[in-house]
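# Observations on chain architecture
Each chain, letter by letter, is given below.
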Amino acid sequence: RDILRSHFFRDTGCSKEEVAAKLQRAAGWVTRWWQIVPESVPCPRDIPVYVAEYERQMLKAGIEPFRAPELMRGYVKDAGGLYEECVQAMPWRQAVFRKRNYETGEVVVTNIASNR
């Protein structure tokens, strides 16, 4: 995870020392992984292949891979009537159960009825 993030920070103009501090790694570690192209970085064992591939696509698009989530309160100040506007604009359909194949990343709809 940190390997792809180190490439992202390098692409945004951070120095080796800044990247090492952000990732809490040694500067030698950063130097070592900067010499390897992101496409040949091995997939972490605890990450499914399709997630790692998605993170590589994010890196190519200029988005920080494996970025931790952030909670932003008060992002929208005036949301009065927003729910009603969304209900009118988006057609409602009954929810269905989906199942993911964790080896390929494929998602399929099951025949199980949903009560949601």
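If you're wondering where the values come from, they're calculated on a predicted model, not measured in any experiment.

Conventions adopted
- Residues numbered from 1 in each chain as written.
- Predicted model: local features only at pLDDT ≥ 70, side-chain atom pairs only at ≥ 80, totals over all residues.
- Heavy atoms only, no water.
- Helix = DSSP H or I, 4+ residues; strand = E, 2+ residues; numbered from the N terminus.
- Buried < 20%, exposed > 50% of the residue type's maximum accessible area, 1.4 Å probe, protein only.
- Contact = heavy atoms within 4.5 Å.
- Areas by Shrake-Rupley, 256 points an atom, 1.4 Å probe, with all protein chains shown as cover.
- Lys, Arg positive; Asp, Glu negative; His and termini not counted.
- Charge placed at Lys NZ, Arg CZ, Asp CG, Glu CD.
- Salt bridge = Lys/Arg side-chain N within 4 Å of Asp/Glu carboxyl O.

Moving on, we come to the overall build of the chain. Assigned secondary structure in the chain consists of five helices and two strands. Overall size of the chain, expressed as C-alpha extent along the three principal axes, is 55 × 40 × 20 Å. Every one of the 116 residues in the chain was classed for burial, and the buried ones make up 24%. Considering only intrachain contacts with a sequence separation of at least 6, the fraction spanning at least 24 residues in the chain is 38%. Of the accessible surface of the chain, which amounts to about 9400 Å², a share of 53% is contributed by carbon and sulfur atoms. Averaging the positions of the 18 positive and the 15 negative side-chain charges in the chain gives two centres separated by 5 Å.

Per the counting criterion, the structure on display carries six salt bridges. Across the pair D2 and R25 runs a salt bridge, and its minimum N-O distance is 3.2 Å. Taken together, the positions of D2 in helix α1 (residues 2-11) and R25 in the loop between α2 (16-23) and α3 (27-34) put the pair 23 residues apart, joining distant regions of the chain. The partner of E64 in a salt bridge is R5, and the shortest N-O contact between them spans 2.7 Å. Here E64, found in the loop between α4 (49-60) and α5 (82-89), pairs with R5, found in helix α1; they are 59 residues apart in sequence, far enough to count as distant.

Distances and angles like these do not, on their own, reveal function.
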